[in-house]
Amino acid sequence: MQRISDKLKAAGKSIGLVPTMGYLHKGHLSLIKKSKSKCNITVVSIFVNPTQFAPNEDLSKYPRDIKRDKKILTAAGVDYLFYPEADEIYPSGFQTHVEVENITKILEGEFRPSHFRGVTTIVAILFNAVMPHYAFFGQKDAQQAAVIKRMMQDLKITLKLIVCPIVREKDGLALSSRNVYLSEKERKDALVLNKSLRHAEQLVKEGERVVKKIISEMKKIIFSVDTSNLDYIGIVNAESFEPVKTISSKSSYYILIACKIGTTRLIDNILLKI
Ligand code: PAF
């Protein structure tokens, strides 16, 4: 991959990387489209990264279908698929990890303590393997994007990171590879994530500024279905990712939610600008 990238760069081509774990959906396609509009060459990586899954999580049952993914990538006009094996990325003797210290402790980090260490390590490796000019990530994993931005700032990684908007089904469910796990009822119940976020947005529009109150209203919607099991709702400053107690018109914020519907853990968020 590095040799290919070197050649492309020597020929004056700009390279965009879309890192994925496969089982591609329209959310990934929106990142690919953005990369194709900005860069001469688009590389998609598919790697279900074991180090970002805890032992009790869904690594072995994470959906995989490389044949289907390859067809999707060909139809989307992607130039290269980077599809390494786990032992190429983590050969025996591997012992280096990248860890961002503070913003990885809250929200996702509180419920998945080793997750971001795995993400930043693989993303640093993917950046070094593909050596892109641009990398494209989805806003659905807003905390992941913030953690990667922090890593890039701290390690002086100078490629440009582009965060693309969440792609949703018509009824508002954020696209995710994990949506395939939902039963028919759970698929309907899963709409409470987006509904609660929209409700919060409305409350803020109407003048509510107290985070505790907004969250307690959101919880009513989440708990209106019997399949929901909430991990967290958080409201953070969009720049620093620091949790806040009140909303002010001077900043923008993320409202973030992680909730199990049945046994499927879903996340969603909105960017709030007043
Ligand atoms: O967002 C994802 O799919 C993964 O966390 C990523 C960035 C590909 C790293 O494995």
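See the structure above.
Residues numbered from 1 in each chain as written. Predicted model: local features only at pLDDT ≥ 70, side-chain atom pairs only at ≥ 80, totals over all residues. Heavy atoms only, no water.

### Examining the overall build of the chain
- Per the secondary structure count, the chain includes ten helices and eight strands.
- In terms of overall size, the chain behaves like a compact globule, its C-alpha atoms giving a radius of gyration of 19 Å where 274 residues would be expected to give roughly 19 Å.
- Here the C-alpha coordinates of the chain stretch approximately 55 × 40 × 40 Å along the principal axes.
- Within the chain, the fraction of its 274 residues that count as buried is 50%.
- Partitioning the intrachain contacts of the chain with sequence separation of at least 6 by distance along the chain shows that 72% fall at a separation of at least 24.
- Carbon and sulfur atoms form 50% of the exposed surface of the chain, whose accessible area is close to 14,100 Å².
- Seen as two clouds, the 42 positive and the 29 negative side-chain charges of the chain have centres 5 Å apart. (Helix = DSSP H or I, 4+ residues; strand = E, 2+ residues; numbered from the N terminus. Rg over C-alpha atoms; globule rule 2.2 N^0.38 Å. Buried < 20%, exposed > 50% of the residue type's maximum accessible area, 1.4 Å probe, protein only. Contact = heavy atoms within 4.5 Å. Areas by Shrake-Rupley, 256 points an atom, 1.4 Å probe, with all protein chains shown as cover. Lys, Arg positive; Asp, Glu negative; His and termini not counted. Charge placed at Lys NZ, Arg CZ, Asp CG, Glu CD.)

### Some details on the sheet that holds strand 6 (residues 228-237)
- Reading across the sheet, the three strands line up as 6-7-8 and stay open at both edges, with antiparallel pairing between neighbours. Two strands close off the open sheet at either side, each with one partner strand: strand 6 and strand 8 (264-273). Across this sheet, the average inter-strand angle for adjacent strands is 15°, counted without regard to direction.
- For strand 7 (residues 252-261) and strand 8, the ladder comprises ten bridges, and the chain directions are antiparallel. Residue pairing in the sheet places Ala 258 in a bridge with Ile 267 of strand 8.
- Where helix 9 (residues 191-205) meets the sheet, its contacts fall on strand 7 and strand 8, and the angle it forms with strand 8 comes to roughly 20°. (Pairing = 2+ DSSP bridges. Axes fitted to C-alpha atoms, helices over the stretch in contact; angles between N-to-C directions.)

### Thoughts on the packing of aromatic side chains
- Within the structure shown, the criterion is met by six aromatic pairs.
- Measuring from ring centre to ring centre gives 5.8 Å for Phe 111 and Tyr 232, while their planes differ by 35°; the resulting arrangement is tilted. On the criterion of sequence distance, the pair formed by Phe 111 in helix 5 (residues 108-111) and Tyr 232 in strand 6 is long-range, its members being 121 residues apart.
- Taking 5.8 Å as the distance between ring centres and 40° as the angle between the ring planes, the aromatic pair formed by Phe 241 and Tyr 254 counts as tilted. Separated by 13 residues along the polypeptide, Phe 241 in the loop between strand 6 and strand 7 and Tyr 254 in strand 7 bring together distant segments of the chain.
- Through successive ring pairs, a cluster of aromatic residues spans Phe 47, Tyr 90 and Phe 94. (Phe/Tyr/Trp six-rings, centres within 6.5 Å; stacked < 30°, edge-to-face > 60°.)

### A short note on the layout of surface pockets
- Considered as a void within the structure, the second largest pocket measures approximately 550 Å³ in volume.
- Elements that contribute at least two residues to the lining of the second largest pocket include exactly helix 7 (142-154), strand 5 (160-164), strand 7 and strand 8.
- The element contributing the most residues to the lining of the second largest pocket is helix 7, with eight residues.
- The class makeup of the residues in the lining of the second largest pocket is 15 nonpolar, five polar and seven charged. (1 Å grid on protein atoms, 1.4 Å probe; cavity = no way out; pocket = protein on both sides within 12 Å on 5 of 7 lines; lining within 4 Å. Points joined across faces, edges and corners; volume = space filled by probe spheres on them. Nonpolar A, V, L, I, M, F, W, Y, C, P; charged D, E, K, R; others polar.)

### A closer look at the side chain of Ser 14
- Tracing the chain through its elements places Ser 14 in the loop between helix 1 (2-10) and strand 1 (15-20).
- On the basis of relative accessibility, which here comes to 18%, the residue Ser 14 falls in the buried class.
- Beyond its immediate stretch of four places on either side in the chain, Ser 14 contacts Lys 38, Cys 39, Asn 40, Ile 41 and His 133.

### Describing the packing of helix 9 against helix 10 (residues 211-222)
- Remark: helix 9 packs on helix 10, axes separated minimally by 9 Å, with the N-to-C direction vectors making an angle of 150°. In this view, helix 9 runs roughly antiparallel relative to helix 10, as classed from their interaxial angle. Relative to helix 10, helix 9 is oriented so that their crossing is right-handed. Residues Val 192, Leu 193, Lys 195, Ser 196, Leu 197, His 199, Ala 200, Leu 203 and Val 204 of helix 9 form the contact with helix 10, whose own contacting residues are Ile 214, Glu 217, Met 218, Ile 221 and Ile 222.
- Residue classes in the contact of helix 9 with helix 10 are distributed as ten nonpolar, two polar and two charged. (Parallel < 35°, antiparallel > 145°, perpendicular 65-115°, else oblique. Left-handed = near helix turned anticlockwise from the far one by under 90°.)

### Observations regarding the pairing of strand 5
- Examined bridge by bridge, strand 4 (residues 134-138) and strand 5 share five bridges and lie parallel to one another. Looking across to strand 5, one finds that Tyr 134 is bridged to Lys 160.
- Read from strand 4 through helix 7 to strand 5, the crossover connection turns out right-handed. (Right-handed = clockwise from strand over helix to strand, strands pointing away.)

### Regarding the site of the ligand
- Around the ligand lies a shell formed by Pro 19, Thr 20, Met 21, Asn 49, Gln 52, Ile 122, Phe 137, Asp 141 and Gln 144.
- Side-chain polar atom of Gln 52 to an oxygen atom of the ligand: 2.6 Å apart, as the coordinates give it.
- Take Gln 144: an N or O atom from its side chain is 2.7 Å from an oxygen atom of the ligand.
- Bound to the protein, the ligand loses 89% of the 290 Å² it would expose on its own.
- Within the shell around the ligand, the residues separate by chemical class into four nonpolar, four polar and one charged. (Near = heavy atom within 4 Å. Polar contact = N/O pair within 3.5 Å; in protein donor to acceptor, adjacent residues only side chain to side chain.)

### Points about the nonpolar core
- Grouped together as the largest cluster of nonpolar side chains are 40 residues, with contacts concentrated most on Val 123, Phe 127, Ile 148, Met 151, Phe 241 and Leu 256.
- Of all the secondary-structure elements, those providing two or more residues to this core are strand 1, strand 2 (41-46), helix 6 (115-130), strand 4, helix 7, strand 6 and strand 7.
- Element by element, the count of residues in this core is highest for helix 6, at nine residues.
- When sequence neighbours within four positions are dropped, the list of residues in contact with Val 123 reads Phe 137, Ile 148 and Met 151.
- Counting 27 residues, the second largest nonpolar core, distinct from the first, contains Leu 182, Val 225, Ile 247 and Leu 266. (Core = buried A, V, L, I, M, F, W, Y, C linked by side-chain atoms within 4.5 Å.)

None of the figures reported here should be taken as evidence of function without further support.
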